[in-house]
Amino acid sequence: EVGAIVPLRDLKAKWVPYPNILFTIAGKHGQSMHQQLGTADWEQDMDHVLLHQLLWHSSCSVLDLHHDSQNQQLGISLMEWTLDQEGLRDNPLLTRQGRDEIRRLSAASGLRVASVTGDCFMHAPFYKAEGASRRALLADFEAIIAACAELDIACLVMPLVDNGALENERQEQVLCGELKQHQPLLQRARLSVVFESDFAPARLRDFIASFPTEQFGINYDIGNSAALGYDPGEEIEAYGTRIINVH
């Protein structure tokens, strides 16, 4: 169960036969880590792990979705896709052939792509670019919206952390202005942008309050919050009604 503290031996007994499964687990200092079981040194000194999230290995071919019997046996029906900036336009989500294959394999496996994490926005933030570079990145954003609409994906995570963190008022103004300008496009796509942020609870509450509730919300990342030392009760009280997605 997600959020549970699980004996590592029990986790391995059930999941090692499925090599393309990743776990997001809590590290010793609260950081989240994506790991495969039976493949890394991290297991040696750990008896229990805090299970945050179950992911399908984002680096695997889309053809790995064909394990329909495994999906059904494990009770997995939803997955979150990841988009990196490197090779973005070659990602199956961004190609006609890739989307056709995703639809076919989702129908066969019963595993639906319900949300997308746009790590590309963190790798190359349009709100930190200028001129032609910003226009090109916004064109990528619009292509992602169109692809999500075609596959009935409802949630697009925009990480405002690490390289994507907002560093000044100008960047925040550009981000807010461009996203609000794209709200009609998001609305037609039936897609919500959800922010993953390193802001403190009150700051994040004030930030999300400036966006309409219809197309914008919060991605609550348990590992990030733990690493930053935030109080979950304070966070939920501050902006709990705007949480749409959880990592």
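Note that the coordinates shown come from a computational prediction; the quantities given were computed from them, not determined experimentally.

Each value, and the rule that gives it
Residues numbered from 1 in each chain as written. Predicted model: local features only at pLDDT ≥ 70, side-chain atom pairs only at ≥ 80, totals over all residues. Heavy atoms only, no water. Helix = DSSP H or I, 4+ residues; strand = E, 2+ residues; numbered from the N terminus. Buried < 20%, exposed > 50% of the residue type's maximum accessible area, 1.4 Å probe, protein only. Contact = heavy atoms within 4.5 Å. Areas by Shrake-Rupley, 256 points an atom, 1.4 Å probe, with all protein chains shown as cover. Core = buried A, V, L, I, M, F, W, Y, C linked by side-chain atoms within 4.5 Å. Pairing = 2+ DSSP bridges. Right-handed = clockwise from strand over helix to strand, strands pointing away. Arc of directions from axis to C-beta. Polar contact = N/O pair within 3.5 Å; in protein donor to acceptor, adjacent residues only side chain to side chain. Axes fitted to C-alpha atoms, helices over the stretch in contact; angles between N-to-C directions. Parallel < 35°, antiparallel > 145°, perpendicular 65-115°, else oblique. Left-handed = near helix turned anticlockwise from the far one by under 90°. Nonpolar A, V, L, I, M, F, W, Y, C, P; charged D, E, K, R; others polar. Salt bridge = Lys/Arg side-chain N within 4 Å of Asp/Glu carboxyl O.

*Asks:* I'm lost on the overall build of the chain in this one. Help?
*Replies:* Counting its secondary structure elements, the chain contains 10 helices and 10 strands. Taken across its 247 residues, the chain has 51% of its residues classed as buried. Here the contacts in the chain between residues at least 6 apart in sequence split such that 74% fall between residues at least 24 apart. When the accessible surface of the chain is summed, it comes to about 12200 Å², and 49% of that surface belongs to carbon and sulfur atoms.

*Asks:* What am I meant to see in the nonpolar core here?
*Replies:* Nonpolar side chains in soluble globular proteins tend to be buried together. Ranked by size, the top nonpolar core spans 50 residues in total, and within it Leu93, Met158, Leu175, Phe195 and Phe207 carry the most contacts. For this core, the leading source of residues is helix 5 (residues 131-150), giving eight residues. Sequence-distant contacts of leucine 175, defined by excluding residues within four places in its chain, comprise Phe126, Tyr127, Met158, Leu160, Leu166, Phe195 and Phe207.

*Asks:* Could you clarify how one ought to interpret the pairing of strand 5 (residues 78-82) in this entry?
*Replies:* Residues in a regular strand project their side chains so that they alternate between the two faces of the sheet. For strand 5 and strand 6 (residues 112-117), the ladder comprises five bridges, and the chain directions are parallel. Of the residues in strand 6, the one forming a bridge with threonine 82 is threonine 117. One crossover worth recording links strand 5 to the parallel strand 6 by way of helix 3 (residues 96-109), and it is right-handed.

*Asks:* Help me understand helix 10 (residues 232-239) in this model?
*Replies:* Side chains of residues three or four places apart in an α-helix project in the same direction, reflecting 3.6 residues per turn. Glu235, Ala238 and Tyr239 are the residues of helix 10 that are buried. Across the axial projection of helix 10, the buried residues extend over an arc of 70°, all falling on one side. Summarising the contacts, the buried residues of helix 10 are in contact with helix 8 (201-209), strand 9 (216-220), helix 9 (222-228) and strand 10 (243-246). For helix 10, the capping residue at the N-terminal end is aspartate 231, with a side-chain oxygen 2.8 Å from the backbone nitrogen of glycine 233.

*Asks:* Where do I start with the packing of helix 5 against helix 6 (residues 169-181) in this structure?
*Replies:* Helix-helix packing: each pair is described by the crossing angle between the helix axes and the interaxial distance. As a packed pair, helix 5 and helix 6 sit with axes 13 Å apart at the nearest point and diverge in direction by 45°. Of the possible angle classes, the one that applies to helix 5 and helix 6 is oblique. Here helix 5 and helix 6 pass one another in a crossing that is right-handed. Here helix 5 contributes Arg134, Leu138 and Phe141 to the contact with helix 6, which in turn contributes Arg170, Val174, Glu178 and Leu179. Partitioned by chemical class, the residues of the contact of helix 5 with helix 6 number four nonpolar, no polar and three charged.

*Asks:* Sorry, what's going on with the sheet that holds strand 5 here?
*Replies:* Two strands in a sheet stick together by hydrogen bonds in their backbones, pointing the same way (parallel) or opposite ways (antiparallel). Taken in spatial order, the six strands line up as 5-6-7-8-9-10 in an open sheet, and their pairing is parallel. Taken across any chain shown, the strands that pair with only one partner, and hence form the sheet edges, are strand 5 and strand 10. Between one strand axis and the next, the sheet turns by 35° as a mean value, whatever way the strands run.

*Asks:* Got a minute to help me understand the side chain of threonine 117 in this structure?
*Replies:* With respect to the helices and strands, threonine 117 occurs in strand 6. The residues touching threonine 117, leaving out its near neighbours within four places in the chain, are Glu80, Trp81, Thr82, Leu83, Val157, Pro159 and His247.

*Asks:* Honestly, the pattern of salt bridges in this entry has me stumped. Any pointers?
*Replies:* Any two side chains of opposite charge can pair, on the condition that their charged atoms come close. In total, this model carries 11 salt bridges according to the counting rule given. For arginine 103, the salt bridge goes to aspartate 100, with nearest N and O atoms at 2.5 Å. In this pair, arginine 103 and aspartate 100 are both assigned in helix 3, three residues apart and thus about one turn of the helix distant. The class for aspartate 100 is partly exposed, based on a relative accessible area of 36%. Where aspartate 152 meets arginine 190, a salt bridge forms, and the shortest distance between an N and an O atom there is 3.2 Å. Of this pair, aspartate 152 sits in the loop between helix 5 and strand 7 (155-160) while arginine 190 sits in the loop between helix 7 (183-189) and strand 8 (192-197), and the two are 38 residues apart along the sequence.

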